[in-house]
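# A look at the structure
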Amino acid sequence: MGAARRRRGARAMSVAGVGLGLTLALTACTPTTPHAAQTPIATHPVTSTTSSATEPGTATTTELTASVTPMPSDGPTTTPATPTAAPTTTPEPAPVVLFRPGDSSPKVRELQARLRQLRWYDGDVTDHYGTKTSAAVRGFQAKRGFPETGVLDERTWDKVVSMSRPPTRDELNNILPKPVAAPPGKLTWDVDSRCLTGRVICISKSTRMLTWVVDGVPQYQFDVRFGSEALPTREGTFAITWKKKDVISNLYHTPMPYSMFFSGGQAIHYSSNFARLGYNGSSHGCVNVRDWNGLVRLYDEAPVGTKVVIHW
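Everything numeric here is computed off the predicted structure, so don't read it as measured data.

### Comments concerning the state of the cysteines
Here is the idea: a disulfide is a covalent bond, and it sits between the sulfur atoms of two cysteines. Using the criterion set out here, one finds one disulfide in the structure. Residue Cys195 pairs covalently with Cys202 via a disulfide, S to S 2.1 Å. On the S-S bond that ties Cys195 to Cys202, the torsion sits near 75°, and the link is right-handed. Judged by its relative accessible area of 0%, Cys195 falls in the buried class. By relative accessible area, which is 2% here, Cys202 ends up buried.

Now the structure itself:
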C-alpha cells in the first residue's frame, strides 16, 4: 500500500517536471515585453510579401507597389523645344560674264578705249576680244585684287567705268587729237580734246601736271598730286563752283589755302604736305598744288564757272 503510493507519487513528480520544462521552453521563445498595437505600414494600398522565417509581430516587406496620382502643376505647361535645322549657307553666285576671248562687239571697243585711258591697253581699239584685251583685263583685275581671269565680268566692268570716262568719237575711231603748236618758249602738255577751246584748267593724271590753257594754248603749269585709290580724285569735265582763300577741312581739319571747288568737296588747293613730302603721300581726293605763287596766279585768273578737265 505504501509502496504503491510511493510509485504514484514518483510518476506524478515526473509528469510535473516535463510540464515545467515545456513551460520554460515556451517562455524562453516569447518576447519578454508585451506586444504593442500593430501600426499600418502605409496609408495607400500596398502588396506585401513576408518571409516565413520572420519573427512574430515583425513584417518584412520585399516589394512595395504604390498607385500614385500625379498632382497638377501650378505653372504653364512646357512643351519640349523642337530642334531647328542649322541654317544653310547659300554660296555666292558666280559673277556674270559679259565678254570673253573670242567675242566681238562694239562694247568691246568701248572697253578697250576705257582701258587705254587707264593705261592698261595700248594701240588701236577694235571690236574683237583677243589675247591683248584679255591681258589688259587680267592686269586691271590683279591691280584691284579681283580674280585674275582675263574675262570681263560685271564687277570688273563696273570698276573700269567708275575709273574712266565715256570715250569720245575720236577715241573709238583711233583718231588722235591734233597737237597744238605752242609758240616758241611755250610749254608742251598732255593734250586732251576737251581742253582745246576756251579757258580751261587741264589736269593730267598721267603726267601729274596742271596746265592753264587759253584757246588751246598752254600758258603755264605746275605739279599736282591726287587722292589715293581708296579716296580717288574724280575724272571728268567740271566747273569751278566756288572759291575761298582761307579754308579748313571739316573732315580732316587741315588747311586748304586758295581752294577752288569743282566737284562736291573736291578742290584744287595748296598743300604744305605735298610741298614737304612730294609724291610720298596723297590727298583725300583733292588736287594738291605745291607751287604757292603759281596757284595764287591761277586763283586770280580763273573765276567761278571756269572749266576743269581731269583726265588720264
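Next comes the rest of the write-up.
### Thoughts on the environment of Val214
Relative to the helices and strands, Val214 is located in strand β4 (residues 209-214). Taking the C-alpha atoms as reference, Val214 lies 6.4 Å from Val200; in sequence the two are 14 residues apart. Val214 has contacts with Gly198, Arg199 and Gln219, leaving out every residue within four places of it along the chain.

### Observations regarding the side chain of Gln112
Secondary-structure assignment places Gln112 in helix α2 (residues 106-117). Exposure remark for Gln112: the relative accessible area of 0% places this residue in the buried category. Looking at Gln112, its side chain comes within polar contact range of the main-chain oxygen of His128, at 2.9 Å. Those residues in contact with Gln112 that sit more than four places away from it in its chain are Tyr121, Asp124, Val125, Thr126, His128 and Thr133.

### Some thoughts on the packing of α2 against helix α4 (residues 154-163)
At their nearest, the axes of α2 and α4 sit 10 Å apart, and the two run at 55° to each other. Overall, the two elements α2 and α4 adopt an arrangement that is oblique. You can see that α2 and α4 cross each other, and the crossing is left-handed. Of the residues in α4, those touching α2 at Lys107, Glu110, Leu111, Arg114 and Leu115 are Trp157, Val160 and Val161. Counted by class, the contact of α2 with α4 contains five nonpolar, no polar and three charged residues.

### A few points about α4
Inspection of α4 places Thr156, Trp157, Val160 and Met163 among the buried residues, and these make up the whole buried set. Looking down the long axis of α4, one finds its buried residues gathered within 135° of arc, a one-sided arrangement. Its buried side turned inward, α4 meets β1 (97-99), α2, α3 (131-144) and β2 (152-153). Capping the start of α4, Asp153 holds a side-chain oxygen 3.2 Å from the backbone nitrogen of Arg155, two or three residues further along.

### Quick notes on the sheet that holds strand β3 (residues 199-204)
Reading across from one edge, β6-β11-β3-β4-β5-β10-β9-β8-β7 is the order of the nine strands in this open sheet, with mixed pairing throughout. With one partner strand each, in any of the chains shown, β6 (236-239) and β7 (242-244) form the two edges of the open sheet. Across this sheet, the average inter-strand angle for adjacent strands is 30°, counted without regard to direction. Strands β3, β4, β5 (217-225), β7, β8 (259-263), β9 (266-270) and β10 (287-289) of the sheet are contacted by helix α7 (residues 292-301), whose axis makes an angle of about 125° with β5.

What counts and how
Residues numbered from 1 in each chain as written. Predicted model: local features only at pLDDT ≥ 70, side-chain atom pairs only at ≥ 80, totals over all residues. Heavy atoms only, no water. Disulfide = S-S within 2.5 Å. Buried < 20%, exposed > 50% of the residue type's maximum accessible area, 1.4 Å probe, protein only. Helix = DSSP H or I, 4+ residues; strand = E, 2+ residues; numbered from the N terminus. Contact = heavy atoms within 4.5 Å. Polar contact = N/O pair within 3.5 Å; in protein donor to acceptor, adjacent residues only side chain to side chain. Axes fitted to C-alpha atoms, helices over the stretch in contact; angles between N-to-C directions. Parallel < 35°, antiparallel > 145°, perpendicular 65-115°, else oblique. Left-handed = near helix turned anticlockwise from the far one by under 90°. Nonpolar A, V, L, I, M, F, W, Y, C, P; charged D, E, K, R; others polar. Arc of directions from axis to C-beta. Pairing = 2+ DSSP bridges.

Keep in mind these values describe shape, not function.
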